[in-house]
Structure formats: C-alpha cells, structure tokens
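Coordinate analysis (summary)
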Amino acid sequence: MTLSASLDLRQLVLSCGLSLVIGGLAYRRQSLTRGGWLAAVLVGTTTAGLGGWTLGILVVVFFVTSSGLSHWKRAVKERWTGGSVAKGSQRDFLQVLANGGAAAGLSILYAVQPSPAVFAAALGAVATVTADTWATEVGSLSSAPPRLITSGRQVPAGTSGGVSWLGSIATLCGALLIGAVGLAAELLLTGGWTGWIVPMALAGGVAGAMADSVMGATVQRVNRCPRCQVDTERKVHSCGTQTHYHRGLRWLDNDWVNFLSSLVGAVTSAIIWVLMAG
C-alpha cells in the first residue's frame, strides 16, 4: 500500500497559497469570518503541506460541501429550528479549528510518523465533521420531527442530540463522499489501490457523528431563551435575547463537541485499520 505524504517546503508554501485563496473566496461569500479565514489557512496548510495532498483535498471537500449546504435553504432551516442551532453559515476561528483541528494535528503526526494507522485516523476525523455537518444541514429540513438519540423521544427540530431518517442518510452520504474522494485521490496521486479508505471513512464518520449526537443529548451545554422559553445552543437567541445556561457541562459547547466527536471518528478508523491489517 502506498500513501502520499511529503515534508517538501515547496508543498508547504503551495498549500499555504491555495489555502489563502480558497479561504479568501469563502470570506467574500461570507462563509467565513476573518478569524475563520485565518483558521482555514492554518488547517489547510497543515493538512495538505504535512499530511499530504489527499488529506488536504478531503478538507477542501468538507469545507466546500458544508459551506454550500449551510447556505442552502438557510431561511427555511432557521425558521424550522427556531434559531436553536449554534452553527451558522459563517464560521469563525473556533468553529474552523473545532472541525479541522484534529485532522491538522494528525497531519503533523503523519509527517513525523507516516503510518497507515495515522492516515486512517485523520481520514476518520474529516469523515466525522463532514458527516455531522451534512446531518445537521440536511436533517434540519426533515418534515418529520427528530427523535432524541438516547431515548427515541420526539423533540423540536434543532434540538441537540435529535436525529432523523433524513439526517441519518445525510450522515452516510457525507462519510461515503470522503471515502470515495480519498480513494480517487490516492489512486491519482500514488497509483496504489487503497480500497480500505472507503470503509474506514464510513465507520469513522458514522461513529463520530453518533458520538456528537449522544454528547448533544447528554452533556453538551444547552442554554435557554428567557423570552421564548426554548432551548438553544446559541448565546443570543434569534429573537435577539441573551440566553442563559440551562443544562449540561458549562464548558462543553458545540465547538468542543465537534472536536471531541472528530477524535472519536479518528480513533474508530485507526482501530479498524489496525484490526484489518492484523
């Protein structure tokens, strides 16, 4: 098996340049804040420059598709969820790092120790954030009320830990896309057959997305709007009212949940790779 990785200084410079351009275009489309642009450059440069072009391409796929879905029917999703979801169509510094930080960190490790297990972990991290974001953006349009993943109880759209059939299908599609693009990229870049990429991405993406939902239903911080008397992930509700802490761990906001779930996806993919290789 051949995996693409490089410590070439030219690749780092090129990765930084491409990240600046892609991030700049996203900033102009209001998909990123200025801080989000900076974080995108850091994540993009690290994943492509140290982890290899395949990982860099996968991060771009995640960002482009997720940003597109965030803008897709935005007004409808805002109305259906009642402004309860923390994620917006314009991502800031912390949101970008929460989604790409695990992949960036693993890319650094991969540059030092280029083993398939580390690559699998990075793949699982990207698959998780893609699957989770797709589930949120597509699942928010479900005509059927979501159900809490821990109890099956019906909950309002946008509730942390709520899942739907539409969102679950989107989860699978997001993870499979990362696997398919990863496989195609490795075939083009190295010429080697790495068919394990697809099942690794699927397993890691689904496991990570499920972990995100479980944490959202149990320990994630949830605020309440005193005016509307609804739960929300936001500090300021869509009605303009400052929200107050309601339940969950005070420090465990949506950004932390995204980051921790990406680690779950990374560990899952790495473990499965080790079991397959053994």
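Just so it is clear, the structure is predicted and the values come from calculations on it, not from any experiment.

Turning to the environment of Met215, a few remarks are in order. Tracing the sequence through the fold places Met215 in helix H8 (residues 197-218). Since its relative accessible area comes to 16%, Met215 is described here as buried. With residues up to four places along the chain from it excluded, the contact list for Met215 reads Gln220, Val257, Leu260 and Ser261.

What follows deals with the side chain of Thr268. Mapping Thr268 onto the fold places it in helix H9 (residues 254-277). Engagement of the side chain of Thr268 in a polar contact is seen with the backbone oxygen of Val264, the distance being 2.8 Å.

Within the open sheet, the three strands sit side by side as S4-S3-S5. Their pairing is antiparallel. With partners counted over all chains shown, the strands left at the sheet margins are strand S4 (230-232) and strand S5 (244-247), one partner each. Neighbour to neighbour, the strand axes of the sheet diverge by 50 degrees on average, direction disregarded. Pairing of strand S3 (residues 222-225) with S4 involves three bridges; the strand directions are antiparallel. Each residue of the ladder has a partner; that of Arg224, found in S4, is Asp231.

Our focus in this paragraph is a nonpolar patch on the surface. Taken together, the side chains of Leu14, Leu18, Ile22, Val60 and Val64 make up a nonpolar region of the molecular surface, amounting to roughly 380 Å² of accessible area. Counting residues per element, the ones that place at least two in the nonpolar patch are helix H1 (9-28) and helix H3 (53-71). Of all the elements, H1 adds the most residues to the nonpolar patch, at three residues. Of note, Ile22 is situated in helix H1. The partly exposed category is assigned to Ile22, whose relative accessible area is 33%.

Counted under the stated rule, the structure contains six aromatic pairs. Judged by centre distance (5.8 Å) and plane angle (55 degrees), the rings of Tyr110 and Phe119 are tilted. Classification of Tyr110 as buried rests on a relative accessible area of 2%. Between the aromatic rings of Phe119 and Trp196, the centroid separation amounts to 6.1 Å while the plane-to-plane angle is 75 degrees, which identifies the pairing as edge-to-face. Of this pair, Phe119 sits in helix H6 (residues 116-139) while Trp196 sits in the loop between helix H7 (165-190) and H8, placing them 77 residues apart in sequence. For Trp196, a relative accessible area of 6% gives the class buried. An aromatic cluster is present here, built from Tyr110, Phe119, Trp196 and Trp273 joined pairwise through their rings. The ring centre of Tyr245 lies 3.8 Å from the NZ or CZ of Arg250, which sits over that ring.

With that settled, the discussion passes to the confidence of the model for the protein. For the protein, per-residue confidence averages 89 on the pLDDT scale, and residues scoring 70 or more make up 91% of the total. For residues 1-6, every residue scores under 50 in pLDDT, and the model assigns this stretch 27 contacts once sequence neighbours within four places are set aside.

The subject of this paragraph is the environment of Gly162. Its place among the elements puts Gly162 in strand S2 (residues 162-163). As for Gly162 and Tyr110, which are separated by 52 residues in sequence, their C-alpha atoms are 35 Å apart. Once residues lying within four places of it in the same chain are set aside, the contact partners of Gly162 are Pro146, Arg147, Leu148 and Val155.

On to the packing of H6 against H8, then. Contact pair H6 / H8: the axes reach a minimum separation of 7 Å and the direction vectors enclose 55 degrees. For the element pair H6 / H8, the angle class is oblique. Judged by the twist between their axes, the crossing of H6 over H8 is right-handed. Only Ile197, Met200, Ala201, Gly204, Gly205, Gly208, Ala209 and Asp212 of H8 make contact with H6, whose side of the interface consists of Phe119, Leu123, Gly124, Ala127, Thr128, Ala131 and Asp132.

Quick notes on the rules
Residues numbered from 1 in each chain as written. Predicted model: local features only at pLDDT ≥ 70, side-chain atom pairs only at ≥ 80, totals over all residues. Heavy atoms only, no water. Helix = DSSP H or I, 4+ residues; strand = E, 2+ residues; numbered from the N terminus. Buried < 20%, exposed > 50% of the residue type's maximum accessible area, 1.4 Å probe, protein only. Contact = heavy atoms within 4.5 Å. Polar contact = N/O pair within 3.5 Å; in protein donor to acceptor, adjacent residues only side chain to side chain. Pairing = 2+ DSSP bridges. Axes fitted to C-alpha atoms, helices over the stretch in contact; angles between N-to-C directions. Patch = residues over 30% accessible without salt bridge, like charges linked within 9 Å, V, L, I, M, F, W, Y side chains within 5 Å. Areas by Shrake-Rupley, 256 points an atom, 1.4 Å probe, with all protein chains shown as cover. Salt bridge = Lys/Arg side-chain N within 4 Å of Asp/Glu carboxyl O. Phe/Tyr/Trp six-rings, centres within 6.5 Å; stacked < 30°, edge-to-face > 60°. Lys NZ or Arg CZ within 6 Å of the ring centre and 35° of its normal. pLDDT = per-residue confidence, 0-100. Parallel < 35°, antiparallel > 145°, perpendicular 65-115°, else oblique. Left-handed = near helix turned anticlockwise from the far one by under 90°.

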